[in-house]
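# Observations on the model geometry
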Amino acid sequence: MRRKGRADLGFRCTTGAFASLVVVIVCAIAVVLVMDAWTSIQKFGLAFWYTSVWNPVTGEFGALPFIWGTLYSSVLALLIATPISLGIAVFISELAPEWLQQPLVFLTELLAAIPSIVYGLWGVFVLVPAVRWAEGSLPDRVRELPFFAGPPLGLGLLSAALILAIMVIPFTASVARELLKTVPAAQREGAYALGATRFEAIRAALFYARSGIIAGIMLGFGRALGETMAVTMVIGNSPQVSLSMFAPHYTMAAVIANEFAEASDELYLSALVEIGLVLFLVTLVVNTLSRVLIWTMSRSATAALEPDVAAAA
Amino acid sequence: MTESIRRYCRWLACAAVAAVSGASAAAAVQIHGAGATFPYPIYSKWFAEFNKLRSDVEINYQSLGSGAGIRQLTKGTVFFGASDGPMTDEQLRAAPERILHFPTVLGAVVPIYNLPVASLTFSGPVLADIYLGKITKWSDRAIVALNPGVELPSLEITVVHRAEGSGTTYIWTDYLAKVSSDFKDTVGVAQAVRWPTGLGARGNEGVAGVVKQTRGSIGYVEMVVAIHSGIAYGAVVNSAGNAVKATTESVTSAAAEIARVMPSDFRVSITNVSGKSAYPIASFSWLLLVEDSRNKPAAKIMVEFLKWALTEGQKFAPSLGYAPLPDSVVRLEMAALARVKTS
């Protein structure tokens, strides 16, 4: 008994140490970012967040176009990826014949294993020309809308969002598929018993699993925010705050990767590090918001769907 | 594009080398350097060839970028640095030790374009106005005037520049700022600048790739990249009024023009030099050494290496797409190498 207890304690301490390592690393990153960005934080203060001039020659640095580009491309990517991912998940777990399921699962997961530089190359040689063609063939009346203004270059926000969407799909689709599998059979049977059609039964299952699915979407969002290489290869790398999906934009991760190696003066380096800090904070806020969302949803779900269990708990 | 992959592979290789170097630390003298990516192909060729002559010497070079090379040298983490732009007075003052510049090879930057015309000529002011976003169409009068007889379409110009900080951008902006005061005031000279217009692409290959794909686009890349990718590049009118296309000869001749007025520290720009056949957008690439290093044996080897690279080694330059240094500059450098303290 005693030996077993000691082993348990040792096990608990070891795993506990590993877990606390995560906390230490996150804190260390935050501390280092703040320290290295201090020159820039002192010089620009809050203006760093809302000014849009990025001029290494004169030493003026504002992060707004990069924040804008990052959020715009990631949100657009999610809008594209979410319905497709849900469609994939539903088809694999509910509708596909058994012999097709495993190959489909394998292929979606393969998408996650492709290195981002390969996505970037594919983007440059295949996606960008296709997007350029599509942009050019839009009717003029549509092109007058602010969302589609500017010359059809191919390189720009739309290409970046499409690449990001493809990169995010395997994450969201896998999570959604796993969650649909965990929906109790009683849910579906209940729906059918009430005379639901197949579509309605699946909708009920999706509704049941919704908090987990949102978590999956947020996982994809996190990936989209930080993606660097594939994005910088197709987004056009021009810092501007524009509504147009055809216009070139820039993201936070991309500007750090692009300019860090040649940045030699202290303020410039420190401004780049502050961009990293901003990205860190934006990711933190997004993750926190999604946690809160999931938490409130699962609470209301427990309360609404299973009042007995909730009361017992 | 391929540059990114190559860089990635190199990075993997470095990681692998770092992992095994502990085990294979031979008796050989190892010297570490870091800096510009532009001279990387010829430097690695030189270090490999030099290793054949002196098998006890191993020189490692990491192409991290000029800025990173200067930072590492100043901090003392590497023995020598390399840069496509000379260190600024401020950077030299910030360094704890005296740093010397030695030009090693010459590079040129060329304007590439995607238009269905046989050949094009640009002038400095026209290139500056295109990159300032003031000339927006190929049929602009200023371009037509430089190219009599060439049918230029009324097409929007898509400007392409480097996305990341680079020595190529430094040379390009250095030239444009010399020929256009407007460019000097609104953009300035640096490895990375605030472009008023255009798209950013990563690496020389990235710029060449975008220009190849986009009709009506213009970009700037190292001469060697333009030649290798088979993309059309234009001649540029030099300060003597002649339209000159970049070749190893016209670039070497630009450097020969500067030899007569070479400052003793070799920190000199050779864009827009006078000379009838000089190509105006060219630059030295410099190797940076500490004047009085604590590691005297390594300093001695580096001096020996430079003496070899500046003479024998120059023959490797043209085949790799670099212009060799003119003899006049080599003579000045041979004398200046005596300043490096080796004992």
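This is a predicted model, so every value here is computed, not measured.

## Observations regarding the layout of surface pockets
Estimated volume of the second largest pocket: approximately 930 Å³. Forming the walls of the second largest pocket are 47 residues, and the residues nearest its centre are P248(A), V159(B), T197(B), G198(B) and L199(B). Among the elements that take part in the lining of the second largest pocket, strand 6 (residues 158–162) of chain B stands out by supplying four residues, more than any other.

## Things to note about the packing of aromatic side chains
Residues and elements named next belong to chain B. Under the counting rule described, the total for this entry stands at 32 aromatic pairs over all chains. Within the aromatic cluster, the residues linked to one another by ring pairs are Y40, Y43, W46, F47, F50, Y61, F80, F305, W308 and F316. The side chain of K245 reaches across the aromatic face of Y233, ending 4.6 Å from its centre.

## So, the domain arrangement of chain B
Size of an interface, as often reported, equals the accessible area lost when the parts are brought together. All names here are of chain B. Segmenting chain B into domains produces domain 1 (3–106 + 284–339) and domain 2 (108–261). In this structure, domain 1 and domain 2 have C-alpha centres spaced 29 Å apart. The interface of domain 1 with domain 2 comprises 22 residues on the first partner and 19 residues on the second. Around 1500 Å² of area is buried between domain 1 and domain 2 when both sides are counted, 60% of it from carbon and sulfur atoms. The tally of links between domain 1 and domain 2 comes to zero salt bridges. Summed over the shared surface of domain 1 and domain 2, the number is one residue pair in polar contact (both at pLDDT 80 or more).

## Remarks on the interface of chain A and chain B
At the junction of the two partners, chain A supplies 32 residues and chain B supplies 32 residues. A buried area of about 2500 Å², summed over both sides, lies between chain A and chain B, and 57% of it is on carbon and sulfur atoms. For chain A, the biggest contributors to the area lost against chain B are V57(A), N258(A) and E262(A); these three give 24% of the whole. The interface formed by chain A and chain B contains zero salt bridges. In this assembly, chain A and chain B are joined by nine residue pairs in polar contact (both at pLDDT 80 or more).

## Topic: the pairing of strand 6 of chain B
All names here are of chain B. Buried residues dominate strand 6, accounting for five of its five residues. Here strand 6 runs beside strand 8 (residues 217–222); their pairing, made up of two bridges, is parallel. Bridge pairing in strand 8 links T158 to S217. One ladder, built from three bridges, connects strand 6 with strand 7 (residues 199–201); its direction is parallel. Opposite V160, over in strand 7, you have L199 as the bridge partner.

What counts and how
Residues numbered from 1 in each chain as written. Chains lettered and ligands numbered in written order. Predicted model: local features only at pLDDT ≥ 70, side-chain atom pairs only at ≥ 80, totals over all residues. Heavy atoms only, no water. 1 Å grid on protein atoms, 1.4 Å probe; cavity = no way out; pocket = protein on both sides within 12 Å on 5 of 7 lines; lining within 4 Å. Points joined across faces, edges and corners; volume = space filled by probe spheres on them. Helix = DSSP H or I, 4+ residues; strand = E, 2+ residues; numbered from the N terminus. Phe/Tyr/Trp six-rings, centres within 6.5 Å; stacked < 30°, edge-to-face > 60°. Lys NZ or Arg CZ within 6 Å of the ring centre and 35° of its normal. Domains from an automatic or database assignment. Contact = heavy atoms within 4.5 Å. Buried area = accessible area lost by both parts, 1.4 Å probe. Salt bridge = Lys/Arg side-chain N within 4 Å of Asp/Glu carboxyl O. Polar contact = N/O pair within 3.5 Å; in protein donor to acceptor, adjacent residues only side chain to side chain. Buried < 20%, exposed > 50% of the residue type's maximum accessible area, 1.4 Å probe, protein only. Pairing = 2+ DSSP bridges.

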